[in-house]
Amino acid sequence: MINDIYEQRKRLEEGYHISLSIPKKEYTSIYGNEINEINAKDVVNNYLQHKDDDGEPHDIKIYDHSDGNLIEIEAILNYIGNDHKDYDSKLV
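Read on for a plain summary of the structure. (Residues numbered from 1 in each chain as written. Predicted model: local features only at pLDDT ≥ 70, side-chain atom pairs only at ≥ 80, totals over all residues. Heavy atoms only, no water.)

Observations concerning the environment of E37
Residue placement: E37 occurs in helix α2 (residues 37-50). Expressed as a C-alpha distance, the spacing of E37 and I60, which sit 23 residues apart in the sequence, is 6.8 Å. Among residues more than four places away in sequence, those in contact with E37 are I60, K61 and I62. (Helix = DSSP H or I, 4+ residues; strand = E, 2+ residues; numbered from the N terminus. Contact = heavy atoms within 4.5 Å.)

Quick look at the structure:
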């Protein structure tokens with residue numbers, strides 16, 4: 001699924017706004033029809049780990065765009081004062 005994610009970022013005064021668009025078929029093959037913020041957090045953390053990105057995500061929101069067959073996840077990434085992360089979860 002990680003390779004099927006389309007990312008957009010926008011620089012904010014402090015940090016970045018990130019938007020991840022995922023084909024619904026790819027999302028549901030892993031998470032089923034559970035479209036919720038717990039799974040969205042898991043997707044964001046796995047994606048950042050895959051990219052070796054040390055951003056600290058917060059304000060994570062998930063949207064089901066059923067007419068476009070997309071799942072969109074938005075978050076704010078903070079980099080100020082972050083240390084390098086050693087992730088321990090498996091990539092999806």
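Having put the structure on the table, let's press on.
Examining the packing of aromatic side chains
The relation between two aromatic rings is expressed through the spacing of the ring centres and the mutual angle of the planes. Inspection of every chain in the model, using the stated rule, returns two aromatic pairs. Taken together, a centroid distance of 5.9 Å and an interplanar angle of 90° make the contact between Y16 and Y79 edge-to-face. Taken together, the positions of Y16 in strand β2 (residues 16-23) and Y79 in the segment after β4 (70-78) put the pair 63 residues apart, joining distant regions of the chain. Classification of Y79 as partly exposed rests on a relative accessible area of 29%. Here the guanidinium or amino end of R11 rests over the ring plane of Y16, the centre of that ring lying 5.1 Å away. (Phe/Tyr/Trp six-rings, centres within 6.5 Å; stacked < 30°, edge-to-face > 60°. Buried < 20%, exposed > 50% of the residue type's maximum accessible area, 1.4 Å probe, protein only. Lys NZ or Arg CZ within 6 Å of the ring centre and 35° of its normal.)

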